[in-house]
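Listed below are the residues making up each chain.
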Amino acid sequence: MLEPRGFGDSDKPQGGYDLDTAARDLHGFLAATGLGRPAGVDIVAHDVGTWIAHAHAAAYPGEVKRLVLTESNVPGITPPPPAGIPSEAVNLKSWQFAFNRLEDLPEVLVQGRERAYLTWLFATKTTRPYAIEPAALDEYVRVFSAPGAARAGFAWYRANFSPEGLAQAKVRAAKRLPMPVLALGASDGVGDALRATVATLGDHVKGGAIGQGCGHFLPSECPDDLVAAILAFWRDPR
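This text gives an overview of the structure that appears in the document. The shown structure was predicted, so the numbers you read here are calculated from the model rather than taken from an experiment. (Residues numbered from 1 in each chain as written. Predicted model: local features only at pLDDT ≥ 70, side-chain atom pairs only at ≥ 80, totals over all residues. Heavy atoms only, no water.)

**Digging into the nonpolar core**
By size, the foremost hydrophobic cluster in this structure holds 20 residues, and its most contacted members are Ile 43, Leu 67, Leu 69, Leu 177, Met 179, Val 181 and Val 198. Mapped by element, the contributors of at least two residues to this core are α1 (19–33), β1 (41–46), α2 (48–59), β2 (64–70), β3 (181–186) and α9 (193–198). Once residues within four sequence positions are removed from consideration, Val 198 is found in contact with Leu 69, Val 74, Leu 177, Val 181, Ala 183 and Val 205. (Core = buried A, V, L, I, M, F, W, Y, C linked by side-chain atoms within 4.5 Å. Buried < 20%, exposed > 50% of the residue type's maximum accessible area, 1.4 Å probe, protein only. Helix = DSSP H or I, 4+ residues; strand = E, 2+ residues; numbered from the N terminus. Contact = heavy atoms within 4.5 Å.)

Right, here's the structure in full:
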C-alpha cells in the first residue's frame, strides 16, 4: 500500500498536494521501485486515493492495466451538490469539502484534539462503527497527530478545489480512460454516483453501489463485499 505525501508516515512537505503533482509522484514511485510493467499495473484506490489514481491514469494511461476507484467524488468533475442548505444527512456526508478548505481554522480546532476529531468522524461516516477497531483508531490518531499531518490532510482539499486545482481538473476531464475501470460506492456512502461520474470519462466502466448497510469506510466496513467485487472485475474486466 502506498502512502502519498502527507499521509501516514510519508513526508509532509509544504506543497505538492495538487493532483498533477500527485500523478507525477505515483509515476515516479512506479519507476523508482521497478513495479511498473509493460502492460501496466493494477491499481486499487479509496477516497483521496481515488483522486490520485484517476489523475495518474489520465496522465499515464499506459501504466495502468486495470483501475479500481472507490468511495469518493472526482474533484472538478463530479457534479456539485444543489445550491441551498443541505439536509442533515447530506451535510454529514459533505461538510468536510467546505471545512477542510478553510485556511488555518481546521488546524486550530483539530490539533491537540485528534482523537476526539477522528472518533467523531468515524462515528458519523460509518454505518458499522465497530469496524474501526480500537487498535486501528490508535494508529489513525498516531499518524494524524504527527507534526504537519493535519495541515497536509487539509491541503489536499485546499489545492484541488482552488481555482488552479479546478483548472487542472478541467484539462484532466478531457482525457479518456482507455483501461477497464471499476468504480464502487458503498450503499450508505456515494452509492452509484462515482460510477456515473467515471462513466463520462472512460470507455470501459462498470461498478455501482455495494455493501448492504455499509458506510464510507468501505475497506473496513465491508471488506468481503469489496474483495469479491474486485476479484470478479479482475477475472472479467470487460
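There's plenty left to go through after this.
**Side note on the side chain of Arg 172**
For Arg 172, the location among the structural elements is in helix α8 (residues 163–173). The residues contacting Arg 172, other than those within four sequence positions of it, are Leu 19, Asp 20, His 54, Ala 55 and Ala 58.

**Comments concerning α8**
Think of an α-helix as 3.6 residues a turn; residues three or four steps apart then line up on the same face. Buried within α8 are the following residues: Gly 165, Gln 168, Ala 169 and Arg 172. An end-on view of α8 places all buried positions within 100° of arc, on one side of the element. Of the exposed residues in α8, those oriented more than 90 degrees away from the buried face are Pro 163, Glu 164, Lys 170 and Val 171. Taken together, the buried residues of α8 touch α1, α2 and α7 (149–160). (Arc of directions from axis to C-beta.)

**Comments concerning the sheet that holds β2**
Reading across the sheet, the 4 strands line up as β1-β2-β3-β4 and stay open at both edges, with parallel pairing between neighbours. Edge positions in the open sheet fall to β1 and β4 (205–210), since each of these has one partner strand only. Adjacent strand axes in the sheet meet at a mean angle of 15° when their direction is disregarded. Bridging between β1 and β2 involves 6 bridges; their strand directions are parallel. Following the sheet pairing, His 46 is matched in β2 by Thr 70. (Pairing = 2+ DSSP bridges. Axes fitted to C-alpha atoms, helices over the stretch in contact; angles between N-to-C directions.)

**Some details on the side chain of Thr 50**
Counting through the fold element by element, Thr 50 comes out in helix α2. In this structure the side chain of Thr 50 is engaged in a polar contact, spanning 3.0 Å, whose partner is the backbone oxygen of Thr 70. (Polar contact = N/O pair within 3.5 Å; in protein donor to acceptor, adjacent residues only side chain to side chain.)

**Points about the pattern of salt bridges**
Scanning the entire structure with this criterion turns up 9 salt bridges. Taking the shortest distance from any N to any O, the salt bridge between Asp 42 and Arg 66 comes out at 2.7 Å. Taken as a pair, Asp 42 in strand β1 and Arg 66 in strand β2 lie far apart in primary sequence, 24 residues in all. What makes Arg 66 buried here is its relative accessible area of 12%. A salt bridge links Arg 176 to Asp 203; the nearest nitrogen and oxygen atoms lie 2.9 Å apart. Linking Arg 176 in the loop between α8 and β3 with Asp 203 in the loop between α9 and β4, this pair joins segments that are 27 residues apart in sequence. (Salt bridge = Lys/Arg side-chain N within 4 Å of Asp/Glu carboxyl O.)

**Quick word on the packing of helix α3 (residues 88–99) against helix α5 (residues 114–125)**
The description of two packed helices rests on the angle between their axes and on the distance between the axes. Their axes nearest at 9 Å, the elements α3 and α5 cross at an angle of 135°. Taken together, the axes of α3 and α5 are oblique relative to one another. Counting all contacts with α3, which are made through Leu 92, Lys 93, Ser 94, Trp 95 and Gln 96, the residues of α5 involved are Tyr 117, Trp 120, Leu 121, Thr 124 and Lys 125. By residue class, the composition of the contact of α3 with α5 is 5 nonpolar, 3 polar and 2 charged. (Parallel < 35°, antiparallel > 145°, perpendicular 65-115°, else oblique. Nonpolar A, V, L, I, M, F, W, Y, C, P; charged D, E, K, R; others polar.)

**Some points on the pairing of β4**
Where β3 lies against β4, 6 bridges are found, and the strand directions are parallel. Residue Leu 182 lies in a different strand from β4, and its bridge partner there is Lys 206. For the crossover from β3 across α9 to β4, the handedness is right-handed. (Right-handed = clockwise from strand over helix to strand, strands pointing away.)

**Some details on helix α11 (residues 223–235)**
Between its first and last C-alpha, α11 extends 18 Å over 13 residues, near the 18 Å set by a 1.5 Å rise per residue. For α11, the full list of buried residues reads Leu 226, Ala 229, Ile 230 and Phe 233. Seen along its axis, α11 keeps its buried residues to an arc of 95°; they face one direction. Along α11, the residues that are exposed and aim more than 90 degrees away from the buried face are Asp 224 and Arg 235. Where the residues of α11 are buried, they touch β1, β2, β3, β4 and α10 (218–221). (Expected span 1.5 Å × (residues − 1).)

**Some thoughts on the packing of aromatic side chains**
This model, assessed by the stated rule, comprises 12 aromatic pairs. Here the aromatic rings of Phe 122 and Tyr 140 are separated by 4.9 Å at their centres, their planes lie at 50°, and the arrangement is tilted. On the criterion of sequence distance, the pair formed by Phe 122 in helix α5 and Tyr 140 in helix α6 (residues 134–144) is long-range, its members being 18 residues apart. For Tyr 140, a relative accessible area of 34% corresponds to the partly exposed category. These aromatic residues form a ring-pair network of at least three members: Trp 51, Phe 97, Tyr 157 and Phe 161. (Phe/Tyr/Trp six-rings, centres within 6.5 Å; stacked < 30°, edge-to-face > 60°.)

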